[in-house]
Amino acid sequence: MLLPRRQLTLALLKPDLCANPNTISKIISRITATNQHNNFEIIRQREILWRQQDAEAFYAEHRGRFFFERLCGYMTSGPFMALVLARQDAIKEWRALIGPTHPWRARINAPNTLRSLYGLTDTRNSFHGSDSDETAKREIEFFFPELDVDAWRRQEEK
Ligand SMILES: Nc1nc2c(ncn2[C@@H]2O[C@H](COP(=O)(O)OP(=O)(O)OP(=O)(O)O)[C@@H](O)[C@H]2O)c(=O)[nH]1
Ligand SMILES: Nc1ncnc2c1ncn2[C@@H]1O[C@H](COP(=O)(O)OP(=O)(O)O)[C@@H](O)[C@H]1O
Ligand SMILES: [Mg+2]
């Protein structure tokens, strides 16, 4: 039986989460839980500590937005976790699992999503997920330059 083609996405567990190791292990077990909703495979995992210029480069698309400085300040406030996740429709499914950008909106419209459960404020919303295949390639190679996303995708096509 042909296995469904998998997709890669980049996931970040942001610094507020990484301040509590128990939280991280609970979230990792939820990510890899073998039920039809999750069942992501963790292809890469790395603890990251950013300088200001790293945050500004990753979030360059948001430069000039009123929250850009506070976002970079948050993302350089401590270590965080970068993960490459693989499953069918990984980008859509990971963004569905983390929920809307704003945790207060998640708590109203998407309870039980990760941002509704763990997010603090609009900026300190605890999780990131790539929003497209192109973004996922850029974001994965930003954290894991040794991972050739195109080669991985070709391998998956076979
Ligand atoms: N559109 C818009 N929204 C704003 C502006 N300033 C603040 N907000 C929103 O209001 C929320 C709360 O603002 P603040 O009180 O400054 O932020 P905070 O409570 O410290 O939480 P953070 O989101 O972590 O900054 C922010 O997260 C933004 O989403 C603004 O100038 N324009
Ligand atoms: N209105 C806002 N107020 C405060 N922070 C924001 C706001 N919009 C976005 N952010 C911060 O910038 C990050 C990137 O924004 P965006 O790409 O729009 O959301 P997402 O992370 O859900 O893809 C968000 O995760 C959040 O930390
Ligand atoms: Mg985004």
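About the cut-offs
- Residues numbered from 1 in each chain as written.
- Chains lettered and ligands numbered in written order.
- Predicted model: local features only at pLDDT ≥ 70, side-chain atom pairs only at ≥ 80, totals over all residues.
- Heavy atoms only, no water.
- Core = buried A, V, L, I, M, F, W, Y, C linked by side-chain atoms within 4.5 Å.
- Buried < 20%, exposed > 50% of the residue type's maximum accessible area, 1.4 Å probe, protein only.
- Helix = DSSP H or I, 4+ residues; strand = E, 2+ residues; numbered from the N terminus.
- Contact = heavy atoms within 4.5 Å.
- Pairing = 2+ DSSP bridges.
- Axes fitted to C-alpha atoms, helices over the stretch in contact; angles between N-to-C directions.

1. A closer look at the nonpolar core
Stage number 1. Counting 27 residues, the largest nonpolar core has Leu-8, Leu-12, Trp-50, Tyr-59, Met-75, Ile-140 and Phe-143 as the members making the most contacts within it.
Stage number 2. Elements supplying a minimum of two residues to this core: strand E1 (7–13), strand E2 (41–48), helix H3 (52–58), helix H4 (68–75), strand E3 (80–87), helix H8 (133–143) and helix H9 (149–157).
Stage number 3. Not counting the four nearest positions on each side in its chain, Met-75 is found in contact with Leu-12, Lys-14, Pro-15, Trp-50, Tyr-59 and Phe-80.
Stage number 4. Within the second largest apolar cluster, 17 residues are counted, among which are Ala-11, Met-81, Leu-97 and Ile-98.

2. Description of the sheet that holds E1
Stage number 1. Taken together, the four strands give an open sheet; going across it, the order is E2-E3-E1-E4, and neighbouring strands pair in antiparallel fashion. Where the open sheet ends on each side, the last strands, each with one partner, are E2 and strand E4 (127–129). Here the average twist between neighbouring strands, direction ignored, is 20 degrees.
Stage number 2. Taken together, the seven bridges between E2 and E3 define a ladder with antiparallel strand orientation. Paired with Ile-42 across the strands is Leu-85, a residue of E3.
Stage number 3. Each of E1, E2, E3 and E4 is contacted by helix H2 (residues 21–32), which is oriented at about 10 degrees to E3, the strand it contacts most.

3. With respect to the environment of Met-81
Stage number 1. Following the sequence through the fold, Met-81 ends up in strand E3.
Stage number 2. Separated by 57 residues in sequence, Met-81 and Ile-24 have C-alpha atoms that sit 8.9 Å apart.
Stage number 3. With sequence-adjacent residues up to four places away left out, Met-81 is seen in contact with Ala-11, Leu-12, Leu-13, Cys-18, Ile-24, Gln-45, Arg-46 and Glu-47.

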